[in-house]
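This is what each chain is made of:
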Amino acid sequence: MTFREAANKFVELTIWITELSSPQLTIFDNAESYREKLLINFHRIRDIAQINTELLDNYIFPVLESTELLTEEEISVLQELKDKLLDAYSMDNLDIPFLYQVVLRLCEDAERKQDTEAIIRSLDDNVMTSYALLTMVRRIYPYCDSAIICREWGLNAAKRILEYLPAEKLKTLPEGPVRDAVLINSRYIATLYEYPLPGDEDTHTEEILQILRRALSLPDSPEYRSLAPDYDWISHEFRTLHYFSVITIFHNLYGFNQEQLEEINGYAKRLLKVWEREQAHLKGRNTDETILFAATRCAYLAGEMDLFTYKATLRALGAKTREDNFNADEMQLRTSVPIEYILTLDPENVSKEDGEIITEYYRRLIRYIHRMPKLGHLSFLLTEVNFLLEHFIEVEGGISFETMCMELLVAFHPPTYVHSMSVADISVCLAKHLFKKHPEMFEKAPGYPDIKAIEDFVWHAAACHDIGKISIVETIITYGRPLYDSEIDWIRAHAEAGAALLSKHEKTKAYAEVALGHQRWYDGKGGYPEAYDPEKANNRLLVDLVACADCLDAATDSIGRSYKQGKTLDEFIRELEEGSGTRYAPFLLELFRDEDVYEELNFILIIGRDEKYRHTYKTLSSLLH
């Protein structure tokens with residue numbers, strides 16, 4: 001097999017794995033066929049992933065890790081691979097972390113060859129890939145160093161490209177794509193400041209404006225127009241003005257002052273005029289609704305539109321969204337409009353009308369996510385969804401925060417939803433039988449001494465233990481290759497992410513400790529997060545129960561953990577014996593040796609899990625109608 005054939009096969013199999021992991025519900029006639037198909041698919045994924053690993057180890061990684069200069073054929077293959085992994089402008093992506101390794105190799109090779117044109121092209125790829133990676137990791141809690149590093153990578157690459165922006169330097173480059181890349185980055189660099197990160201200071205607001213002002217001045221320069229006569233100057237002006245209008249995202253998240261907001265609003269007005277004048281030329285770049293959405297927010301923030309009119313406009317824009325359209329613009333309206341609407345409300349004083357409106361927004365978003373193809377704009381969508389969850393408002397008679405999270409899990413990744421439900425049932429089983437044997441152990445548990453109240457708390461806390469995984473769905477579904485160390489760190493962040501989200505809401509904040517501690521070992525010497533100390537836990541008993549239930553379900557599940565065959569309950573009990581007092585609480589052995597507990601757990605793991613997949617099918621089916 002040639003290097004080109006191996007690269008093409010890797011992409012083909014990666015796409016196939018994604019399709020297998022999230023089959024469209026319309027192909028199934030009933031719940032049983034859905035469950036059986038998932039089981040077959042995940043066994044197939046395990047086999048395909050092995051082939052992909054061999055392709056990487058034998059053909060692709062040797063080229064990426066080689067210290068030799070790349071041949072022209074290898075460069076051609078890597079560039080094609082890059083294009084298949086990401087369309088940075090539409091934000092369609094397949095595997096961003098792996099893509100970054102490809103781009104780095106191309107950058108290193110161009111630098112060693114001192115090929116200026118190749119350096120600029122590879123730096124341009126670096127900027128776009130850094131932005132895509134930043135979009136992915138900035139939502140991971142806590143805002144880890146990865147987000148700051150990704151932005152620095154992109155900024156460093158963009159600044160090197162912009163060394164050629166002065167006219168006297170630009171003219172040293174050949175006309176065409178290389179000069180175009182320099183001009184494009186004069187505006188694109190602003191995207192790397194799209195969201196504030198920890199440590200950001202107010203000075204960034206003026207820096208962003210200066211970047212965009214400079215980019216906007218270029219079309220007015222006869223000298224620059226003569227240096228790039230075939231460059232799309234109309235699109236350049238439009239894109240720059242659009243960047244101006246969208247930097248006020250999420251109710252002015254970045255904190256522009258009033259004077260700056262008024263300046264931005266002036267550019268938003270100009271954007272509307274350019275859009276109206278040049279629609280024929282700009283066809284396919286955006287929609288009337290997305291342009292109006294951005295301009296309306298700027299007008300409101302600048303004080304030119306009152307709150308009543310702004311909310312009415314948001315409602316009108318939200319009503320125009322379509323459930324069968326999955327392009328980037330539609331996704332933006334589907335997620336950003338509800339977020340902007342929510343941010344206009346006082347969470348403590350939501351009117352009945354506003355409560356009904358945001359509840360309908362939530363329901364429509366859930367249906368939309370279920371219908372969307374699992375390839376494509378997932379990274380962008382997850383960023384928006386994560387922000388919505390952080391600012392979620394729970395209203396009486398509407399969708400609860402817990403329900404919203406569960407429905408997002410079932411729409412994004414059914415196996416994680418089934419896992420959460422199974423862990424809840426296992427945890428209740430263990431709590432119920434432990435209470436019969438040692439009720440005194442539950443004295444600090446919520447609901448004590450009412451066992452039904454305890455069971456209710458345990459079930460909901462356990463069901464919510466993995467909601468932090470909503471923010472890292474792309475990494476969870478990376479079945480086609482071994483994970484990088486950084487990706488393993490992102491997955492481990494789900495415990496803190498879940499605890500942070502649960503803590504924001506009154507009805508779920510009591511579950512946060514369970515989410516935070518469910519991956520930490522009983523003796524505090526293993527697992528994660530390292531900062532979590534089991535000895536200081538308020539509800540340590542419940543954390544111990546859920547931690548065990550989580551491990552039990554994960555170990556015995558052959559669908560959600562496609563990289564290995566599920567263990568039997570007896571095999572897990574042997575693991576429990578070996579880890580008693582270190583990984584697992586010592587009292588668990590007595591429970592698992594109880595015949596009644598054993599039989600009930602076996603039922604949950606076999607018949608109960610199958611039933612949950614059937615229930616998932618019914619839940620998803622209801623979302624289609």
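Please read these numbers as outputs of a predicted model, since none were measured by experiment. (Residues numbered from 1 in each chain as written. Predicted model: local features only at pLDDT ≥ 70, side-chain atom pairs only at ≥ 80, totals over all residues. Heavy atoms only, no water.)

### Quick look at the overall build of the protein
A tally of regular secondary structure across the protein gives 29 helices and 2 strands. Referenced to the eigenvectors of the C-alpha coordinate spread, the extents of the protein come out at roughly 85 × 65 × 50 Å. A buried classification covers 59% of the 625 residues belonging to the protein. Taking as baseline every contact in the protein between residues at least 6 positions apart, the subset at least 24 positions apart corresponds to 74%. (Helix = DSSP H or I, 4+ residues; strand = E, 2+ residues; numbered from the N terminus. Buried < 20%, exposed > 50% of the residue type's maximum accessible area, 1.4 Å probe, protein only. Contact = heavy atoms within 4.5 Å.)

### Quick notes on helix 16 (residues 328-343)
Taking 1.5 Å per residue as the helical rise, helix 16 with its 16 residues ought to reach 22 Å, and the 22 Å between its terminal C-alpha atoms agrees with that figure. When the local axis directions of helix 16 are compared, the greatest deviation, roughly 25°, occurs at Ser336, which is followed within four positions by the proline Pro338. Counted residue by residue, helix 16 has 14 buried out of 16 residues, so it is predominantly covered. (Expected span 1.5 Å × (residues − 1). Bend = angle between axes of the 7 residues up to and from the residue.)

### Quick word on the packing of aromatic side chains
Enumeration according to the criterion identifies 18 aromatic pairs in this entry. Plain terms: the ring middles of Phe61 and Phe98 are 6.5 Å apart, the flat faces sit at 65° to each other, and that makes the pair edge-to-face. Here Phe98 lies in helix 4 (residues 96-113) and Phe61 lies in helix 2 (residues 31-65), a separation of 37 residues in the sequence. Note on accessibility: Phe61 and Phe98 belong to one class, buried. Taken together, the ring pairs in this structure connect Phe10, Phe61 and Phe98 into an aromatic cluster. The cationic tip of Lys169 hangs over the ring face of Tyr164; the distance from NZ or CZ to the ring centre is 4.8 Å. Sitting above the plane of the Tyr522 ring, Arg540 keeps its charged end 4.2 Å from the centroid. (Phe/Tyr/Trp six-rings, centres within 6.5 Å; stacked < 30°, edge-to-face > 60°. Lys NZ or Arg CZ within 6 Å of the ring centre and 35° of its normal.)

### Thoughts on the nonpolar core
Core analysis: the biggest nonpolar cluster contains 219 residues, and Phe98, Leu588 and Phe592 have the highest contact counts within it. Residues in contact with Phe98, not counting those within four places in the same chain, are Phe10, Leu56, Ile60, Phe61, Leu64, Leu81, Leu85, Arg481 and Tyr484. (Core = buried A, V, L, I, M, F, W, Y, C linked by side-chain atoms within 4.5 Å.)

### Focus on the packing of helix 11 (residues 233-246) against helix 14 (residues 288-301)
Contact geometry of helix 11 with helix 14 gives a least axis separation of 8 Å together with a crossing angle of 50°. In terms of axis orientation, helix 11 runs oblique to helix 14. Helix 14 is crossed by helix 11, and the crossing has left-handed handedness. Here Phe238, His242, Ser245 and Val246 of helix 11 come into contact with helix 14, specifically with Ile291, Ala294, Arg297 and Cys298. By residue class, the composition of the contact of helix 11 with helix 14 is 5 nonpolar, 2 polar and 1 charged. (Axes fitted to C-alpha atoms, helices over the stretch in contact; angles between N-to-C directions. Parallel < 35°, antiparallel > 145°, perpendicular 65-115°, else oblique. Left-handed = near helix turned anticlockwise from the far one by under 90°. Nonpolar A, V, L, I, M, F, W, Y, C, P; charged D, E, K, R; others polar.)

### Some remarks on the side chain of Ser420
Turning to its location among the elements, Ser420 is positioned in helix 20 (residues 414-437). Overall, Ser420 belongs to the buried group, its relative accessible area being 0%. If sequence neighbours within four positions are ignored, Ser420 has contacts with Leu409, Ala462, Ala463, His465 and Asp466.

### Here we look at helix 20
Over its 24 residues, helix 20 runs 35 Å from end to end, which matches the ideal 34 Å to within 8%, given 1.5 Å per residue. Burial analysis of helix 20 places 20 of its 24 residues in the buried class, which makes it a mostly covered element.

### Quick notes on the environment of Asp145
Locating Asp145 in the fold gives a position in helix 6 (residues 145-161). Since its relative accessible area comes to 56%, Asp145 is described here as exposed. C-alpha of Asp145 to C-alpha of Leu197: the two residues are 52 residues apart in sequence and 9.9 Å apart in space.

### Notes on the confidence of the model for the protein
Across the protein, the average pLDDT comes to 90, with 95% of residues at or above 70. Between the elements of the protein, mean pLDDT differs from a low of 64, seen in strand 2 (residues 92-93), to a high of 97, seen in helix 21 (residues 451-463). (pLDDT = per-residue confidence, 0-100.)

### As for the pattern of salt bridges
For the structure on display, the rule yields 36 salt bridges. A salt bridge links Arg139 to Glu474, with the shortest nitrogen-to-oxygen separation between them at 3.0 Å. Pair noted here: Arg139 is in the loop between helix 5 (116-137) and helix 6 and Glu474 is in helix 22 (residues 473-476), with a separation of 335 residues, a long-range link. An identical accessibility class is assigned to Arg139 and Glu474; each is buried. The salt bridge partner of Arg540 is Glu535, with a shortest N-O separation of 3.3 Å. Judged by relative accessible area, Arg540 falls into the buried class, the value being 16%. (Salt bridge = Lys/Arg side-chain N within 4 Å of Asp/Glu carboxyl O.)

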